Amino acid sequence: MYKGLIIGAGNIGYGFQRYGVGFPTTHFEAYAQNAELQLVGISETDPELLLKLKKQHDVHMDASYQVLLDSEHPDIVSICTSDESHTSVLEQVLEARPKLIICEKPVTTKVKETERILKLARKSRIPIVVDYPRRFDRSVRKLRQTIESRTDGAVLAASGVYTKGLLHNGSHLIDLA
């Protein structure tokens, strides 16, 4: 059994599960639905959310992910924090030497930082998986197949609107290009 830690319990770490769409939409749900994984900790810096989670779930919780890395020694770490925090969180998680890191997109907000993090990951032989879930979404795959098949003719132009910019949510549009 693998031990997992979630760093950041916002929407993608924990919150989106309230939508009940029938498949895991959060890291929390993915851990809960996998018999090979045991969620051993959740780190969240929002004190109100942390208190709410402590009342609902029997796992080790702390505002400091470093405390959880040191005490729980997770095999898998999900990084679900703000984009700007990814670099520092990744550096500290890599030092803890889990077997796998699952990081929400983007890895970092700067190319040089991403290159440095990937170099550290290669050196330590710890894989980092970046979460692009819509790449595997049935409706997105069907749309891409329709575009590629040219069933309705060639695409002459397209535009899309996403919140949080190209690096965060807009990256889903690139898969359709």
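Everything numeric here is computed off the predicted structure, so don't read it as measured data. Residue positions are given per chain, counted from 1 along the sequence in the order it is written. The predicted nature of this model means local features are confined to residues of pLDDT at least 70 and side-chain atom pairs, given and counted, to a pLDDT of 80 or more, with totals for whole chains, interfaces and linings taken over all residues. Only hydrogens and water are removed before side-chain values are computed, so all heavy atoms of the structure are retained for them.

Asks: Residues and numbers for helix α3 (residues 65-72), please.
Replies: Among the residues of α3, Tyr65, Leu68, Leu69 and Glu72 are the ones counted as buried. Relative to the axis of α3, the buried residues are bounded by an arc of 100 degrees and lie together on one face. Summarising the contacts, the buried residues of α3 are in contact with β1 (2-7), β2 (37-43), β3 (60-62), β4 (76-79) and α4 (86-96). Polar contacts, as counted here, are pairs of nitrogen or oxygen atoms within 3.5 Å of one another; within protein the pair requires one atom able to donate a hydrogen and one able to accept it, and residues that are adjacent in sequence qualify only if both atoms are side-chain atoms. Labels follow the DSSP assignment, with helices taken as runs of H or I lasting at least four residues and strands as runs of E lasting at least two, numbered in each case from the N terminus. You can read the cap of α3 off the contacts: a side-chain oxygen lies 3.3 Å from the backbone nitrogen of Gln66, and it is on Ser64. Phi turns positive one or two residues past the end of α3, at His73, with a value near 50 degrees. Buried residues are those whose accessible area, probed at 1.4 Å on protein chains only, stays under 20% of the maximum for their type, while exposed residues exceed 50% and partly exposed ones sit between those limits. Along the arc lie the directions from the helix axis toward the C-beta atoms. Only heavy atoms matter for contacts: two residues are in contact if any of them lie within 4.5 Å across the pair.

Asks: Explain the pattern of salt bridges to me, and be specific about the residues and the numbers.
Replies: Within this document, salt bridges are pairs made up of a side-chain nitrogen of Lys or Arg and a carboxyl oxygen of Asp or Glu, the two lying within 4 Å of each other. Following the criterion strictly, the structure yields three salt bridges and no others. As a salt-bridge pair, Lys99 and Asp75 come within 3.7 Å of each other at their nearest N and O atoms. Residue Lys99 is located in the loop between α4 and β5 (100-104), and its partner Asp75 is located in the loop between α3 and β4; the two are separated by 24 residues in the primary sequence. Between Arg116 and Glu91 there is a salt bridge, and its shortest N-O distance comes to 2.7 Å. Of this pair, Arg116 sits in helix α5 (residues 111-124) while Glu91 sits in helix α4; the two residues are 25 residues apart in sequence, bridging distant segments of the chain. Look at Glu91 and you get partly exposed, because its relative accessible area is 26%.

Asks: Just give me the short version of the packing of α3 against α4, but keep the residues and values in it.
Replies: Between the N-to-C directions of two axes lies an angle of 0 to 180 degrees, each axis being a line fitted to C-alpha atoms and, for a helix, fitted only over the stretch in contact. Closest axis-to-axis distance for the α3/α4 pair is 10 Å, and the angle between their directions is 15 degrees. One finds that α3 runs roughly parallel with respect to α4. Read as a crossing pair, α3 and α4 show a hand that is right-handed. The segment α3 lies against α4, with Tyr65, Gln66 and Leu69 engaging Ser88, Val89, Gln92, Val93 and Ala96. Reported orientations rely on four angle classes, namely roughly parallel under 35 degrees, roughly antiparallel over 145, roughly perpendicular from 65 to 115, and oblique for the rest. Crossings are classed by handedness, with left-handed meaning an anticlockwise turn of the near helix from the far one by less than a right angle and right-handed meaning a clockwise turn.

Asks: Break down the environment of Leu37 for me, with residues and values.
Replies: Summarising the element assignment, Leu37 is placed in strand β2. Spatially, the C-alpha atom of Leu37 lies 6.5 Å from that of Gly4, the residues being 33 residues apart in sequence. In contact with Leu37, not counting residues within four places along its chain, are Met1, Tyr2, Ala30, Tyr31 and Ile76.

Asks: Tell me what's going on with the sheet that holds β2, and back it up with residues and numbers.
Replies: Strand order in the open sheet formed by six strands is β3-β2-β1-β4-β5-β6, with parallel pairing between adjacent strands. If you trace the sheet from one side to the other, it starts and ends with β3 and β6 (128-131), each paired once. For this sheet the average axis-to-axis angle between neighbouring strands, irrespective of direction, equals 20 degrees. Strand pairing is assigned whenever DSSP detects at least two bridges linking the two strands. With four bridges connecting them, β5 and β6 associate as parallel partners.

Asks: Before we move on, could you go through the nonpolar core and cite the residues and values that matter?
Replies: Buried residues of nine kinds, namely Ala, Val, Leu, Ile, Met, Phe, Trp, Tyr and Cys, make up a nonpolar core once their side-chain atoms join them within 4.5 Å. Within the largest apolar cluster, 18 residues are counted, with the highest numbers of intra-cluster contacts made by Ile7, Val77, Ile79, Leu90, Val93, Ile101 and Ile128. Top contributing element to this core by residue count: α4, with four residues. Not counting residues up to four positions away in its chain, the partners in contact with Ile101 are Val77, Ile79, Leu90, Val93, Leu94, Ile126, Pro127, Ile128 and Val129. Of all hydrophobic cores here, the second largest spans 14 residues; its members include Leu39, Ile42, Leu50 and Met61.

Asks: Any chance you could break down helix α2 (residues 47-56) for me, citing the residues and the numbers?
Replies: What α2 keeps buried is the set Leu49, Leu50 and Leu53. Taken around the axis of α2, the buried residues stretch over an arc of 100 degrees, which confines them to a single face. In α2, the exposed residues that point more than 90 degrees away from the buried face are Pro47, Glu48 and Lys55. Of the surrounding elements, those touching the buried residues of α2 are β2 and β3. Where α2 begins, one side-chain oxygen reaches toward the backbone nitrogen of Glu48, 2.9 Å away; that side chain belongs to Asp46.

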